[in-house]
Amino acid sequence: LLARRCCALALGLRPDAVRIGRTKGKKPFLLPQSAAAARRAAPPNFNFNVSHEGAYVVLASEPYCLVGVDVAAPESLRTGRAERDDYFAAFAKSFTPHEWELIRAPHLALDEQAMLFRCLWSCKEAFIKARGDGLGFEIGRAEFRLDDRGGGDARDGATPGAARGAARGAAPGARSRAHGGGG
């Protein structure tokens with residue numbers, strides 16, 4: 001309903017006129033017949049993405065660039081919490097060596113490590129959601145670098161707009177770099 005309402009408002013459509021499809025990677029997109037029915041010209045690449053976890057829901061839309069978004073609930077509100085080492089082990093290949101150095105920094109408290117883990121994971125989720133690959137993209141190939149300045153840039157030779165959008169939308173100051181070798 002949220003995605004349908006967003007598309008309707010952005011394009012001047014009745015919500016029941018909005019038709020949403022999905023890519024092979026499960027990314028939602030506005031079907032062409034919806035854009036054709038718009039009361040005003042549809043932007044050249046209008047796209048949107050939605051994420052939810054627990055009581056948190058986020059939607060991002062963009063008229064020109066690819067967009068992906070992810071949300072991770074704070075540790076205190078997560079259900080079925082696993083032990084930190086258990087979920088770190090389960091995601092071992094999902095992060096690059098540099099990202100693991102950040103996450104496991106000895107000066108960080110356990111809750112800070114968990115927060116950084118979720119932040120980097122959300123950057124990766126937003127990145128692959130912007131690309132539209134779903135699980136087809138080896139998530140460990142994308143590396144994000146966080147800084148405390150609030151700025152950032154992202155680079156991936158295949159989809160520079162998607163990378164930039166994912167990094168900016170997912171975490172302030174995020175940077176990404178896609179590389180081969182799976183981390």
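Procedures and definitions
- Residues numbered from 1 in each chain as written.
- Predicted model: local features only at pLDDT ≥ 70, side-chain atom pairs only at ≥ 80, totals over all residues.
- Heavy atoms only, no water.
- Buried < 20%, exposed > 50% of the residue type's maximum accessible area, 1.4 Å probe, protein only.
- Helix = DSSP H or I, 4+ residues; strand = E, 2+ residues; numbered from the N terminus.
- Phe/Tyr/Trp six-rings, centres within 6.5 Å; stacked < 30°, edge-to-face > 60°.
- Salt bridge = Lys/Arg side-chain N within 4 Å of Asp/Glu carboxyl O.
- Core = buried A, V, L, I, M, F, W, Y, C linked by side-chain atoms within 4.5 Å.
- Contact = heavy atoms within 4.5 Å.
- Expected span 1.5 Å × (residues − 1).
- Polar contact = N/O pair within 3.5 Å; in protein donor to acceptor, adjacent residues only side chain to side chain.
- Pairing = 2+ DSSP bridges.

S.K.: Explain helix H1 (residues 2–11) to me, using residue names and the numbers behind them.
M.R.: Among all positions in H1, only Ala3, Cys6, Cys7, Ala8 and Leu11 are buried. Positioned one or two residues after H1, glycine 12 has a phi angle of 70°, which is positive.

S.K.: Describe the packing of aromatic side chains, with residues and values.
M.R.: Geometrically, a pair of aromatic rings is defined through the distance of the ring centres and the angle of the planes. As enumerated under the stated definition, the model contains eleven aromatic pairs in all. Ring geometry for phenylalanine 46 and phenylalanine 48: centres 6.3 Å apart, planes at 40°, overall tilted. A relative accessible area of 12% places phenylalanine 46 in the buried class. Here phenylalanine 48 falls in the buried class, since its relative accessible area comes to 0%.

S.K.: Before we move on, could you go through the pattern of salt bridges and cite the residues and values that matter?
M.R.: In the structure shown here, the tally under the stated rule is four salt bridges. With its nearest N and O atoms 3.0 Å apart, the salt bridge here joins lysine 124 to glutamate 99. Taken together, the residues span a long stretch of sequence, with lysine 124 in helix H5 (residues 110–131) and glutamate 99 in helix H4 (residues 97–103) at a distance of 25 residues. For the pair shown, lysine 124 and glutamate 99 are each scored as buried. Of the charged contacts in the structure, one is a salt bridge between glutamate 143 and arginine 145, with a shortest N-O distance of 2.9 Å.

S.K.: Run through unusual backbone geometry, naming residues and quoting values.
M.R.: A negative phi angle is the norm for most residues apart from glycine, just as the trans form is the norm for most peptide bonds. The backbone of lysine 26 shows a phi angle near 75°, a positive value even though the residue is not glycine. Positionally, lysine 26 belongs in the loop between strand S1 (20–22) and strand S2 (28–30). A relative accessible area of 58% places lysine 26 in the exposed class.

S.K.: Can you break down the nonpolar core residue by residue, with the values?
M.R.: Within the largest apolar cluster, 19 residues are counted, with the highest numbers of intra-cluster contacts made by Phe95, Ile103 and Phe117. No other element matches H5, which puts eight residues into this core. Ignoring any residue separated from it by four or fewer positions in sequence, one finds phenylalanine 117 in contact with Tyr87, Phe88, Phe91, Phe95, Trp100 and Ile103. Listed in part, the eleven residues of the second largest apolar core include Ala3, Leu11, Leu13 and Ala17.

S.K.: Account for H5, naming residues and giving values.
M.R.: Across its 22 residues, H5 extends 32 Å between first and last C-alpha, which sits within 8% of the 32 Å expected from 1.5 Å per residue. After H5 finishes, the residue glycine 132 shows a positive phi value of roughly 85°.

S.K.: Just give me the short version of the side chain of serine 51, but keep the residues and values in it.
M.R.: Tracing the chain through its elements places serine 51 in strand S3 (residues 47–53). Residue serine 51 is classed as buried on the basis of its relative accessible area of 5%. Polar side-chain contacts of serine 51 include one of 3.2 Å to the side chain of aspartate 70. The contact partners of serine 51, leaving out residues within four places of it in the chain, are Tyr56, Val57, Val58, Val69, Asp70, Val71 and Lys129.

S.K.: Describe the pairing of S3, with residues and values.
M.R.: In this sheet, strand S4 (residues 56–62) lies alongside S3 in antiparallel orientation, the contact comprising seven bridges. Bridge pairing links histidine 52 to valine 57 in S4.

Function-wise, these values are silent; they only describe arrangement.
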